[in-house]
Each structure stands twice: as C-alpha cells, then as structure tokens.
Amino acid sequence: MVDLLIRTFIKDCKNISDRGVRTAYGNLACIISVICNLLLFAGKTAAGTLAGSVSITADGLNNLSDASSNLVSLVGFKLGARPADSQHPYGHARYEYLAGLAVSVMILVIGVELLKESFGKVLHPTPVQFGWLPAAVLLASILVKLWMSLLNRRIGRTIHSETLIATAADARNDVVATGAVLAASVLTCLTGIDRLDGVMGLGVAAFILYSGIQMVRDTIDPILGAAPDPELVEAIEKKALGYPGVLGVHDLMIHDYGPGNRLVSFHIEMDAKGDVMKSHDVIDNIERDLLVQDGMIATIHYDPVITGNPHTEEIRGFLQQEAARLEPRANIHDLRIVPGPTHTNVIFDCAVPAEYVTDKQHRGVKLVSALRAAVQQRWPDHFCVIKLEPDYAPCAHTQE
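Residues numbered from 1 in each chain as written. Predicted model: local features only at pLDDT ≥ 70, side-chain atom pairs only at ≥ 80, totals over all residues. Heavy atoms only, no water.

Q: Would you explain the confidence of the model for the protein in this entry?
A: Per-residue pLDDT for the protein averages 86, and the proportion of residues at 70 or more is 97%. Here residues 396-400 is a poorly scored stretch, pLDDT under 50, and it has eight contacts once near neighbours within four places are set aside; other chains count. (pLDDT = per-residue confidence, 0-100. Contact = heavy atoms within 4.5 Å.)

Right under this line is the structure:
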C-alpha cells in the first residue's frame, strides 16, 4: 500500500537527493496523516459523546492535535523547500525544526486542557454508556494508527526526516493510548465504576504531556546545535580514511542547517613528504564525493605530518596510550617535535568532551597536567605545549 502511494503520487521517487522529490515525500506523508487523524477525531468524538466517555473524547482530541501537528509539519516542509537567498545563504531547511517546535507546544496545550477535564470527571463521574460502536471505532483507530506509523517511518527513513520519524513514533504511542482507553471503557462497563473513565482520561492526558515534552526537547536540540549522530561521525571518518594517503582525521565539525542540509569541515593528516598536488587532488575527491554521495558540503584542511621518524612515532604512541588510560574520550592530534639546544618541545592538540573544558572539576586541565607530567617523567628534557580544545563531533566508539 505504501509503495503504491509513493509510485502514484511522487514523480522520480528514487531521486531522494532532489529537494523537490524530498518535499513531495513529506507532503504525501503529512496530507495522508491529516486526513486519517481528522477521520479518527470525528469518529472518536461521536463515539465518546454517545457513550458519555471523557477518555474516548480525550483520545479523539489527541487525534485532532495530531492533525494540527501534521498541518504544521506540512507548512514546515513547504517553507523548508525554499531555495537559499542572499539573506539566508544556507537555505531554509530549519523551518522543519521550527514546525516541530510549534507542534510540540500545541500538544502541551491540549494535554493541559485534557488533564483539567479528566480531573473534573474523576471528582464528578458521570455514567458511561459503552457499546459495540465505540469499541469498533477504537479498534479501527488502532489499525489505522499502526498503518500510519508504518507509513511515516518508511518515508521518514527514506528521506532522513526526523520530523516524520517522530510522527511515526507518536502514531505508535497512540496505539498504546487507544488500547488503554478501550480497556478502561470495557472495565467501566463491566464493573460499573464510572470514575475509571476519568482516571484513564488522566492517563491519556499525562501521556500527551510526556510526548509533548519529549518532542520539545527533540526539536530544540538541533536548533541549539546538538552533537551530531555518532554513527554519522564515524561514517565520515571511515570514508575519509579510505582514500589513499590519508593517515588520520580530526577536528571534525558538522553544521546542521536542517534536514538534508549539512556543512562539514575537518582536518586530514597526510605524509609531509608526499606530493602536495597529489594530496590536494585527494582532498578534492573527498569533498566532491561527500557532496555527490552524501549530500554534504565539505571543507577539508590539509595537515602534513612527519612520518618515518622513530622518536616522533615513539612519543605519539606513548601519548595515545596515556590519553586512553587517563580519559578514553580524549583524542591526540597535530603532534610536532621541535628539538632545541637545552630542551625539546612536544607540541600537540588534545580534544576532549566539551564539558571538560568548562566544568568546575577542571577535568580538561587535569588531563593536560597529567599528560605533561607523564612525558617529562619519561623524557626529562621534553616539555609539552598542549592546546586543549572541545571535541565537537565525538565518534561512536569514544562515547560512554
């Protein structure tokens, strides 16, 4: 069914790197979700009114909030597809994040209203007349929501849209909430305890509030500049290291300007004795391949490193071993050895988790002091000049 919809309504559906195709995917998912949620809202509101059930009505209002969320997401896809201009040279894709934030706030407002209404129903319960019609509506809702979760997850993964993946998770959670409402309605009918309906309404309202808070956090994170996905970081590093002559990758930064709009910068280490033009050609190839194959605009800095010097290699290995022992998430790079008549300077950068640079425990400073002491204990005439810097894109294997 999902494949049929995609083939019918999206031209050139396999070309997901095209922003127009990506927008068409998003529009399709949002429009179908709006239609389904409005139908569920109408059905549940009618069933809840006939049965006198606040929990069914609350679940219906949850579907209305979902429809509103889908509309805002639709607007977000539309605005996010606008091309870059002189005022916004990085494009408008972050509109999707703003749309998600607006949706989250709407969900919180509806959750508060439902909480108040359900609390009143607990204090002053009214009879619930539950029958086959409300049960059929709730069962149909569960099936529709399962399909909507499948649809949004499939399209969200296809176009790498966190908004649609979150919508899929929300639809999946609605299945649980509707199942709980159905169970409460049956129990109320069997036991005659009308207050159960209000209690379940409180549960649904709490669930909506929890989902809204989670969505606020998830949508604010990319706007504030959250750390990139460690798997993405690892994939970029592995890709760069796969090119001839690349010895190391560091200082990776990923700037997220919205779904499908990332700028990447990093340093690569190459043998200082190698041909400069060949090294430059390798860098050009990496930048082009990241753009064509991964849709990321890359800027790469070339770092020449001395290879084949036994003492330099010994110090590098020692520092890496000590850093791993003292702090597994630390990263040593840009090592240079500068000998002098009375002493030798060991110059390098030490990248650590961002909080290590600013926290009150001074973990970064303590790590630098420990590395400096370890080197001087091993080589008394060696002095470390260490630049402590935050690691903006920690890799998967460096995280706890």
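Q: Sorry if this is basic, but what is going on with the sheet that holds strand β5 (residues 344-352) here?
A: In a beta sheet, neighbouring strands are held together by backbone hydrogen bonds and run either parallel or antiparallel to one another. Taken together, three strands build an open sheet; the order of strands is β4-β5-β6 and the sheet is mixed. For this open sheet the edge positions go to β4 (331-339) and β6 (382-390), each flanked by a neighbour on one side alone. Across the sheet, the axes of successive neighbouring strands diverge by a mean angle of 15 degrees, strand direction being ignored. Across seven bridges, the pairing between β4 and β5 is antiparallel. Note on β5: the bridge partner recorded for N331 is A351. Helix α10 (residues 310-326) contacts β4, β5 and β6 of the sheet and is inclined by roughly 145 degrees relative to β4. Here helix α12 (residues 363-378) sits on the sheet and contacts β4, β5 and β6; the angle it forms with β6, its principal contact strand, is near 155 degrees. (Pairing = 2+ DSSP bridges. Helix = DSSP H or I, 4+ residues; strand = E, 2+ residues; numbered from the N terminus. Axes fitted to C-alpha atoms, helices over the stretch in contact; angles between N-to-C directions.)

Q: Would you take a moment to explain the nonpolar core for this structure?
A: Generally speaking, a soluble globular protein has its nonpolar side chains buried in company with each other. Judged by nonpolar contacts, the single largest core of 21 residues is most densely connected at I236, L252, V264, F266, I268 and I286. Going through the elements one at a time, α8 (230-241), β1 (246-256), β2 (262-271), α9 (276-294) and β3 (296-305) are the ones with two or more residues in this core. Each residue touching I268, except ones within four places of it in the same chain, is listed here: V246, G248, V249, I283, I286, I300, H301, Y302 and D303. One finds I315, L335, V352 and I386 within the second-largest nonpolar core, a separate group that totals 20 residues. (Core = buried A, V, L, I, M, F, W, Y, C linked by side-chain atoms within 4.5 Å. Buried < 20%, exposed > 50% of the residue type's maximum accessible area, 1.4 Å probe, protein only.)

Q: Please clarify how the environment of E231 should be interpreted in this entry.
A: Within the element layout of this structure, E231 appears in helix α8. Assessed through its relative accessible area of 58%, E231 is described here as exposed. Between the C-alpha atoms of E231 and L241, which are 10 residues apart in sequence, the distance is 15 Å.

Q: Sorry, what's going on with the pattern of salt bridges here?
A: Should their charged atoms come close, side chains of opposite charge can pair. All chains considered together, the criterion is met by 13 salt bridges. With a closest N to O distance of 2.4 Å, D3 and R154 form a salt bridge. Of this pair, D3 sits in helix α1 (residues 2-9) while R154 sits in helix α5 (residues 132-159), placing them 151 residues apart in sequence. You can call D3 partly exposed: its relative accessible area is 36%. Residues D218 and R217 are paired through a salt bridge, measuring 3.8 Å at the closest nitrogen-oxygen approach. By sharing partners, the salt bridges in this structure join D66, K145 and D174 into a single network. (Salt bridge = Lys/Arg side-chain N within 4 Å of Asp/Glu carboxyl O.)

Q: What should I look at first to understand the sheet that holds β3 in this one?
A: Spatial ordering of the open sheet is given by β1-β2-β3, a layout of three strands whose pairing is mixed. For this open sheet the edge positions go to β1 and β3, each flanked by a neighbour on one side alone. In this sheet, neighbouring strand axes are inclined to one another by 15 degrees on average, regardless of whether the strands run parallel or antiparallel. Strand direction decides the pairing type here: β2 and β3, joined by 10 bridges, are parallel. Paired with M270 across the two strands is P304, which belongs to β3.

Q: I keep staring at the pairing of β5 and nothing clicks. Help me out?
A: A regular strand places its side chains on the two faces of the sheet in alternate fashion. Burial within β5 is extensive, with eight of its nine residues counted as buried. Where β4 hands over to β5, the hairpin turn is made up of four residues, counted between the paired strands.

Q: What should I look at first to understand a nonpolar patch on the surface in this one?
A: On the surface, I31, I35 and L39 cluster together into a nonpolar patch covering about 300 Å² of accessible area. With respect to the helices and strands, I31 occurs in helix α2 (residues 19-51). The partly exposed category is assigned to I31, whose relative accessible area is 43%. (Patch = residues over 30% accessible without salt bridge, like charges linked within 9 Å, V, L, I, M, F, W, Y side chains within 5 Å. Areas by Shrake-Rupley, 256 points an atom, 1.4 Å probe, with all protein chains shown as cover.)

Q: Can you help me understand helix α4 (residues 95-123) in this one?
A: Structural remark: α-helix, 3.6 residues per turn; residues separated by three or four positions point the same way. Between its first and last C-alpha atoms α4 spans 43 Å; for 29 residues at 1.5 Å apiece the expected length is 42 Å, and the two agree. Listed in full, the buried residues belonging to α4 are E96, Y97, A99, G100, V103, S104, I107, G111, L114, S118, K121 and V122. For α4, the elements touching its buried residues are α2, α3 (54-80), α6 (162-191), α7 (195-224) and β1. (Expected span 1.5 Å × (residues − 1).)

Q: When you look at the environment of L241 in this model, what are you seeing that I'm missing?
A: You can see L241 is positioned in helix α8. According to the relative accessible area criterion, L241 is partly exposed, its value standing at 41%. Remark: the alpha-carbon pair of L241 and G60, spanning 181 residues in sequence, is separated by 53 Å.

Q: Even after reading the chapter, I still don't get the packing of α5 against α6, so can you show me in this structure?
A: For any two helices packed against each other, one specifies the inter-axial angle together with the distance between the axes. Packing of α5 against α6 leaves a shortest axis separation of 7 Å and a crossing angle of 165 degrees. Judged by the inter-axis angle, α5 sits roughly antiparallel to α6. Crossing hand, α5 versus α6: left-handed. Looking at side-chain class alone, the contact of α5 with α6 contains 15 nonpolar, seven polar and five charged residues. (Parallel < 35°, antiparallel > 145°, perpendicular 65-115°, else oblique. Left-handed = near helix turned anticlockwise from the far one by under 90°. Nonpolar A, V, L, I, M, F, W, Y, C, P; charged D, E, K, R; others polar.)

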